[in-house]
Amino acid sequence: MLQIESREATGRALALTAPVAGEIDRTAEIGDLWRILWRRRATIVLTTLALVAATLAYCVLTPPLYTATAQILIDPRDRQVLTNDINPTMVAPDGGVTQVESQARVLESAGVLTRAAAATGLDRDPEFTGKGDIGTLVSDLRDAIGWPEPADSVTDREDRLLRNMRKRLAVKRADKVFVIDIVFTAKSAEKAARTANAIAAAYLADQSDARTEASKRASGSLTDRLAEQRERVRQAEERAEAYRAKKDLVRSNGRLVTEQQLGEINVSLSAAQAKTAELKARLDQIEQARRTGAPEAINEAIQSNTIGKLRAQYAELVERQADLRTQLGARHPSIVAVSAQMQDVRALIVSELARIAQSARADYERAAASERALSKNLDRLRGESTATNQAAVKLRELEREVEASRSVYTSFLTRAREIEERANIDATNARVVTQAIPPQEKSWPMPGLFALAAAAAGMGLGTGLALVREYANPVLLSRGQLQGLTGAPVIGTVPDGPRRRTRKAAQAAREAAGALALTRLLGIRTGTLGTATSVFVTSAAADGTERRRISQLLASLGEARGLQVLMIEADMLGPEATPGLLDVLRGDEPLATVMRREPSSGVRFLGVGRPKRAPTERGREARERFLAEIGRRFDLVIVDGGAITENPQAASLMPLSDGVLLVARLGTTPQRDVADLVEAAGLAGHPVSAGLIVTRA
């Protein structure tokens, strides 16, 4: 491998070793991507333009579609028209969002869509019932080959209708709201709006029908059970009545007769006992008054008119007797007569008291007899009540069974009637809040948006293609890649022209970089041309312009240093019509006559010359004289050898040079071309000694 080393004593020198060409480096750094994309910009631009053109053509050729939107508000809480056990009003713990989401799926159900299609005539619209362009094409092809498709059935048409409607339908709900957007797309703006509204109306009708159907099913189920419940009530009543008749458990005013009698006798007995005690006390009082002779001590005597009259008469007789005694004396017959009358009156009073006592005794005896009779009846009823109570336990159990059966029957009958009436009341709390209106602008295709998307996709695809092409045929991206390919050092990087600089500054940068490269090249000393340093400059065929510029730059810089410089144009692919190198090598022309001097730089220039025939013996002598003369007259010889792989004379000129300089353009020269040049130089026995990179300033 050729290496350049610095020696303080002898100046700069190149140490020569056998080079080994490296493999093509397909990696790239982040900073190199922009250079790759810029170099492949034609691929990116063309790909982008192609996609944009195809997209615009699609937008022009595709039938437009229009999108209309209707909005439905669904409150998970039903309206409280009646107590609703069929569809409860309780809201789910998540705020009813799950219920509303479920209703959003109902909007896409076959029942709702079929109802809406029938209302708008979509079930007869080829846009939704047809097979589409692809399906029609397939049918035509099958008909053409004699294999027709079977006729569509009603189920097939319905399936196709629902499938096409679901493709054009979008049901959306924003977060934390109960408003559902029904978005429908069709080829006609009016059709899109009409269908969106029809779907909303079909949903409301479907919900109402569903609730009505649920109410009817519940009412029917309850009605079917009424006969069974009625029979249960009848059987329970018959068992209770049969047991009541068997046990003679007669009721009056909701109570057993025995219980009523027992209560009444208890009351009567208490009253009889009280009356007997009262009459006994009265009788004792009368007897006491009779014994004491004081009738006024008893109430009956006081209240008796007879005794009252007798007492008044007796009082008059007492008063008269007193008067007579005062007037007539104690033995007067009148007084005796009055005394006899007084005795008679008293006897009448006593007799009346006896009658009263007899009456009181009779009352007392009757009350006592009644008390005894009531007591006997009470004892009898108590005995009967014990047996009756035992039978009443079973009777009450049967009556409770009757009441329970009657309650269930009544509840079933009431609920059946309520649910039957509720079927005619719509308690659904949903309504259309926004009617869809025909849109003014089409929703598909959208040329502007599609063009932007196509441009972005085209740039992405073009970038991918550019990177793939770069990977398939990578170019030089760095000094390291050139060193790896050539196996030789890179002695400099020369800017090719102004960029963000003035022309004067760019020229100064080029000369500075070229001077550094020339200094390193002047260290080559192999003695091939005597004391002259000869450099064979080569490059890929595509870099011919840069190669010639570098050759001229090195020659002019050498002349500026005071060196005698000869620049030889040895690229045989473009021979000149004037004499030159080929004429000198054949001996047809002397070097002095064909060599010309550049006025601006003073560099001697030797053109290619005119090819005529193969070299002769005289030509070999002329070659030796040519080499000896240039080795004697010049200090630096720059040979522009062209592309080694394409120049047929390169192999014969390379041995005359002290080193081979490979010129490559960063970001442009393919690595494959560099590898081919390195391989060709190695096969010629003169491997590349150094590399020089040309880059943008």
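Residues numbered from 1 in each chain as written. Predicted model: local features only at pLDDT ≥ 70, side-chain atom pairs only at ≥ 80, totals over all residues. Heavy atoms only, no water.

Trainee: Honestly, the overall build of the protein chain in this entry has me stumped. Any pointers?
Mentor: When helices and strands are tallied, the protein chain shows 21 helices and 16 strands. The burial tally for the protein chain puts 39% of its 697 residues in the buried class. Counting only contacts in the protein chain whose residues sit at least 6 apart along the sequence, the fraction spanning at least 24 positions is 81%. Per element, the accessible surface of the protein chain, about 38100 Å² overall, is 54% carbon and sulfur. (Helix = DSSP H or I, 4+ residues; strand = E, 2+ residues; numbered from the N terminus. Buried < 20%, exposed > 50% of the residue type's maximum accessible area, 1.4 Å probe, protein only. Contact = heavy atoms within 4.5 Å. Areas by Shrake-Rupley, 256 points an atom, 1.4 Å probe, with all protein chains shown as cover.)

Trainee: Teacher, can you tell me more about the packing of aromatic side chains here?
Mentor: For the structure shown, the criterion picks out 3 aromatic pairs. If you follow Arg-41 out to its NZ or CZ, it ends over the ring of Trp-38, 4.2 Å from the centre. (Phe/Tyr/Trp six-rings, centres within 6.5 Å; stacked < 30°, edge-to-face > 60°. Lys NZ or Arg CZ within 6 Å of the ring centre and 35° of its normal.)

Trainee: Looking at this model, I keep getting lost on empty space enclosed by the protein. Mind explaining?
Mentor: Empty space among the atoms becomes visible once a probe the size of a water molecule is rolled across them. Per the stated rule, a full pass over the model turns up 3 cavities of 30 Å³ or more. Its volume calculated, the largest cavity comes out at about 90 Å³. The wall of the largest cavity is formed by 12 residues, among which Ile-568, Phe-626, Val-639, Leu-653 and Leu-656 lie closest to the centre. Sorting the residues of the lining of the largest cavity by element identifies α19 (617-633) and β14 (636-640) as the ones contributing at least two each. In terms of residue count, the dominant contributor to the lining of the largest cavity is α19 (3 residues). Among the residues forming the lining of the largest cavity, the class breakdown is 10 nonpolar, 2 polar and no charged. (1 Å grid on protein atoms, 1.4 Å probe; cavity = no way out; pocket = protein on both sides within 12 Å on 5 of 7 lines; lining within 4 Å. Points joined across faces, edges and corners; volume = space filled by probe spheres on them. Nonpolar A, V, L, I, M, F, W, Y, C, P; charged D, E, K, R; others polar.)

Trainee: Just checking my understanding: could you explain the packing of helix α1 (residues 30-39) against helix α13 (residues 447-472) for this structure?
Mentor: Angle between the axes and distance between the axes: these two values describe a pair of packed helices. Between α1 and α13, whose axes approach to 9 Å, the crossing angle comes to 100 degrees. With respect to their mutual orientation, α1 and α13 come out roughly perpendicular. From α1, Leu-33, Ile-36, Leu-37 and Arg-39 reach across to α13, where they touch Thr-463, Ala-466, Leu-467 and Glu-470. Residues belonging to the contact of α1 with α13 are distributed by class as follows: 5 nonpolar, 1 polar and 2 charged. (Axes fitted to C-alpha atoms, helices over the stretch in contact; angles between N-to-C directions. Parallel < 35°, antiparallel > 145°, perpendicular 65-115°, else oblique.)

Trainee: Would you mind showing me how to read the confidence of the model for the protein chain here?
Mentor: Regions with low pLDDT should not have their predicted coordinates read in detail. Mean pLDDT over the protein chain stands at 78; residues scoring 70 or higher make up 79%. Counting interchain partners and residues more than four positions distant, the pLDDT-below-50 stretch residues 1-21 has 50 contacts. (pLDDT = per-residue confidence, 0-100.)

Trainee: It is not clear to me how the sheet that holds strand β9 (residues 490-495) should be interpreted in this structure. Could you clarify?
Mentor: To summarise the sheet geometry, strands pair through backbone hydrogen bonds and adopt either a parallel or an antiparallel arrangement. Spatial strand order, β9-β16-β15-β10-β14-β11-β13-β12: 8 strands in an open sheet with mixed pairing. Of all strands in the sheet, those bounded by a partner on one side alone are β9 and β12 (596-597). Both strand β10 (residues 533-539) and strand β15 (residues 659-665) contribute to a ladder of 5 bridges, which runs parallel. Residue pairing across strands places Phe-536 opposite Val-660, the latter belonging to β15. Against the sheet, helix α15 (residues 503-521) engages β9, β10, β14, β15 and β16 (690-695), with an angle of about 160 degrees to β9. (Pairing = 2+ DSSP bridges.)

Trainee: Would you mind going over the pairing of β15 with me for this structure?
Mentor: A regular strand carries its side chains on alternate faces of the sheet. Of all the 7 residues making up β15, 7 are buried; the element is thus mostly covered by neighbouring parts of the structure. Taken together, the 5 bridges between β15 and β16 define a ladder with parallel strand orientation. If you follow Leu-662 over to β16, its bridge partner there is Gly-691. Between the parallel pair β15 and β16, the chain is carried across by helix α21 (residues 671-683), and the sense of this crossover is right-handed. (Right-handed = clockwise from strand over helix to strand, strands pointing away.)

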